[in-house]
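# Notes for the structure review
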Amino acid sequence: MSTAFRITNRSINRTVMDGLQTNLGRMQRLQEQLSSGRAVSRPSDSPVSTVSAMQYRSQLRQVEQHARNAQDGLSFLGMTDQTLTGMIGDAGRVRQLVLAGLNGTASGAEREALAAEVDSLRSGLLDAANSKYLDRPLFAGTANVPTAYDRVTGAFLGNAGDETDPGATGKVERSIAPGVSVRVNVTGPEVFGTNGEDLFSVLADVSAHLRAGDTAALGADLSKLDDRLLTIQNQLAKVGARYHQVETMRDRAENDKITLTHGLSEVEDIDLPKTIVDLQLQEVAYNAALSATARVIQPSLLDFLR
Amino acid sequence: VSDFFGLRVALSSLYAQRRGLEVTGHNVANVNTEGYSRQRVGLQAAGASTVPALHARWEGAGAGVDVTGVDRLRDQFLESRALVEHSVDSRLRQSQQVMARSELVFAEPGPNGLQAELAEFWAGWGDIANQPTDLAARSQILERSKTLATSFNRTRDELGTLWGASAEQLKVTVDDVNATAARVAELNAAIERATKSDLSPNDLADQRDLLALKLAQSVGATVRPGEAGVVDVYLGGTALVRGSRAETLQVSVPDGTSVANADQKGQAVQIQWAKDGYPAMVSGGRAGGLLDGLNRVLPATRAGIDQIAKSVADVVNAQQAQGYDLGGTEGGPLFGWDTPPRTGLTVQISDPARIAAAAEPPNGGPSVDGRNALRMGDLAAKPTGPDQAYRSFIVALGVETQAINRQVDIQANITGQVDAVRDAESGVNLDEEMANMVAYQHAYSAASRLLTAVDEMLETLIRGTGVVGR
């Protein structure tokens, strides 16, 4: 206040009270921050920080969901990978049996035994192709069916997907990053061959030709079987590549979670040591103001008159 | 010159100093009285007679001291300035209160705000996309939809409650203004009587001026001094108090219906003159802040949140319509929107199977595809989506509140300075009063001594003369 004024007791009082009020107001603000642990508790505290905090919170929830989606996709892909790897082993065994059958010296009983083993392997492979992930057939695409292949006829029941056609049905996707979704399934026809020419038909043919001792047909079957095996291996490689991609994205999402949580805390939470120090400084200022007030208000002419 | 004239001079001084002491005492007594202006005794040297008369020529000194009156030390310019500043100050503080409360309704930023609920809602679609046949994930979305709808409606209702409370506060303010205006008119009458009968109306005037300041703080009234110490109080050019007559105000809406439902009918609340129903020009004071809140801030905030709720319903329903539900039929609307005060945001689906998770049309049988749900989840990050709109809305609210907070701080400074200058002019300084007290005391003692001296002189004259040679 300018000293040009006449100073009165009320104006001293007003100035002193204003000063104390301002000090108290600052202390209250700091105490509110300390007790709530939050630097921004309403939009007007800092509109910019508010919008950042809201964005962080929204993104954090998205990233958490993406990590969950990726984890689910990894399970789906992992299961597909395991199933296909096992099936390649079994199909390799069939190949050996076919080679044994091609050997012209095999007797009828021996060929019958080979055929029986092929049958049992086929049934096992069919079971594997009907594997489920969370009660959903791995290779049935998006069709709502109990199994991917008919257990008796071996006919494909699901819907086929097509890698090259973005609008094709039968694709199962997981959203793993903003705007990025990755296909996590392969359908039966893609991996085992189209209906009638698929792995299971080939195996049925092998079994029949073994029993009949038709080595010429068996020779043709062998090359078909090799084709199917090659397709499965190709698809397995693709599944592996996708597994790697989803895993990378999941790790990135996990990292983002940490970054975003940190960012949110940076924006929203108080800097504890700083706030405590600020509060202490404010207390010192308040005490100083109080003692100054006591000194200013106390003396008056009254003290010096008789 | 009379021989006894010396006694008259001493006596006038005794009277004057005593009056001075009284006034000093009055000042000291009122050092902490709100609205009190310090008073001074007006003293004037009583001059000698300047009119020569036959055989009578004044040869003495002055005739002592006259008390001309007791003056109120007050600067009218500062007082009118104070009215204006206090009016602005009250309006801003009231607006600040309304803004601060509407800001708290949204609980942003925080884990309980609408933003968190929106994020939760969008994320839930990811679970459906992962497991389209899982009814638990679908039920979860229905529950989250209900929570979201309830939150939007509750936010809106809370703004409505705030509106109602502000309308109530406006009524109370106007009632208070009417009572204060009536009291100002009464005091005006009393002051006029006192002035005309040559009594000191100082303390009544202090009371009246304090009430006028209250009127400025309530409705932004201004004051014009009138005859005989009376003031007229004006509200935008029309007299609220003229002399001893006060008008009354009322809160109303243009179509004359109840104020309580005005916001729902889009009617602006106004303050009217009770005598003719014309709207009063109230732009300052608490009432000005309340009217701004009732007619601008709160309706705009509510319209903003309604728009976002509607946008949520629109984008979700549009995405629903592009997909197919578990039964293979096209997705129906998940949210219903009926402009409040009707139902607001509602959830239209109760069967979880009706959520359109599949992007593929049914092919031979319903699809267990989850890609429509996946796209729904992606809406969270849509640049033109409701989340973005909501964030902009909250920022706008924050910026406006911040602006008004700053204005309040600035105005508080200005008002404080004007008040300080007024205090400097009109306030009581105890040291000064103490000094005056000592001065009057000494003067009183000196006047008594004068009386004694004249007395002794006269005694000498009366008893000591005519006894020569006795």
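Described below are features of the structure shown in this document. (Residues numbered from 1 in each chain as written. Chains lettered and ligands numbered in written order. Predicted model: local features only at pLDDT ≥ 70, side-chain atom pairs only at ≥ 80, totals over all residues. Heavy atoms only, no water.)

## Focus: the overall build of chain A
- In terms of regular secondary structure, chain A is built from 7 helices and 4 strands.
- The secondary structure elements of chain A, listed N-terminal to C-terminal, are α-α-α-β-β-β-β-α-α-α-α.
- By principal-axis analysis of the C-alpha atoms, chain A measures approximately 140 × 30 × 25 Å.
- Here chain A holds 306 residues, and 43% of them are scored as buried.
- In chain A, of all internal contacts separated by at least 6 residues, the share reaching a separation of at least 24 is 70%.
- Accessible surface for chain A amounts to roughly 15,000 Å². Of this, 54% is attributable to carbon and sulfur atoms. (Helix = DSSP H or I, 4+ residues; strand = E, 2+ residues; numbered from the N terminus. Buried < 20%, exposed > 50% of the residue type's maximum accessible area, 1.4 Å probe, protein only. Contact = heavy atoms within 4.5 Å. Areas by Shrake-Rupley, 256 points an atom, 1.4 Å probe, with all protein chains shown as cover.)

## Digging into the pattern of salt bridges
- On inspection of all chains with the given rule, the structure shows 50 salt bridges over all chains.
- For the salt bridge of R14 of chain A with D423 of chain B, the shortest nitrogen-to-oxygen distance reads 2.9 Å. Here D423 of chain B lies in helix 8 (residues 386-426) and R14 of chain A lies in helix 1 (residues 9-36), a pairing that spans two chains.
- Given the relative accessible area of 10%, D423 of chain B is considered buried.
- Look at the salt bridges and you will find they share partners, linking R14 of chain A together with R72, R74, E79, D206, R208, D209, D419, R422 and D423 of chain B into a network. (Salt bridge = Lys/Arg side-chain N within 4 Å of Asp/Glu carboxyl O.)

## Section: the packing of aromatic side chains
- This model, assessed by the stated rule, comprises 11 aromatic pairs over all chains.
- Each ring, one from F76 of chain A and one from Y133 of chain A, has its centre 5.3 Å from the other, and the planes form 65 degrees; the classification is edge-to-face. Of the two residues, F76 of chain A sits in helix 2 (residues 47-102) while Y133 of chain A sits in strand 1 (residues 132-133), which places them 57 residues apart along the sequence. In this structure, F76 of chain A and Y133 of chain A share a single accessibility class: buried.
- Here a set of aromatic residues connected by ring pairs shows up, and it is made of F139, Y149, F156, F192 and F200 of chain A.
- One Lys or Arg, R224 of chain B, reaches over the ring of Y234 of chain B and ends 3.9 Å from the middle of that ring.
- When the ring centre of W273 of chain B is taken as reference, the NZ or CZ atom of K275 of chain B above it lies at 5.9 Å. (Phe/Tyr/Trp six-rings, centres within 6.5 Å; stacked < 30°, edge-to-face > 60°. Lys NZ or Arg CZ within 6 Å of the ring centre and 35° of its normal.)

## Focus on the side chain of N372 of chain B
Residues and elements named next belong to chain B.
- Turning to its location among the elements, N372 is positioned in helix 7 (residues 371-378).
- Here N372 falls in the buried class, since its relative accessible area comes to 0%.
- A polar contact of 2.9 Å, which involves the side chain of N372, links it to the backbone oxygen of A356.
- Contact partners of N372, with chain neighbours within four places excluded, come to Q319, Q320, Q322, G323, A356, A357, A358 and A359. (Polar contact = N/O pair within 3.5 Å; in protein donor to acceptor, adjacent residues only side chain to side chain.)

## Notes on the environment of E268 of chain A
- With respect to the helices and strands, the residue E268 of chain A is situated in helix 6 (residues 215-268).
- For E268 of chain A, a relative accessible area of 4% gives the class buried.
- For E268 of chain A, the residues in contact, after removing those within four places along its chain, are G37, R38, A39, V40, A53 and R57 of chain A together with P109 and G110 of chain B.
- Side chain to side chain, E268 of chain A and R57 of chain A meet in a polar contact 3.0 Å long.

## A short note on the interface of chain B and chain A
- Tallying the contact residues gives 60 residues for chain B and 54 residues for chain A.
- Buried surface at the junction of chain B and chain A, summed over both partners, amounts to about 4,700 Å²; 54% is from carbon and sulfur atoms.
- At the boundary of chain B and chain A, one finds 5 salt bridges.
- Measuring nitrogen to oxygen at the nearest pair gives 3.9 Å for the salt bridge that ties E173 of chain A to R371 of chain B.
- On the surface where chain B and chain A come into contact, there are 15 residue pairs in polar contact (both at pLDDT 80 or more). (Buried area = accessible area lost by both parts, 1.4 Å probe.)

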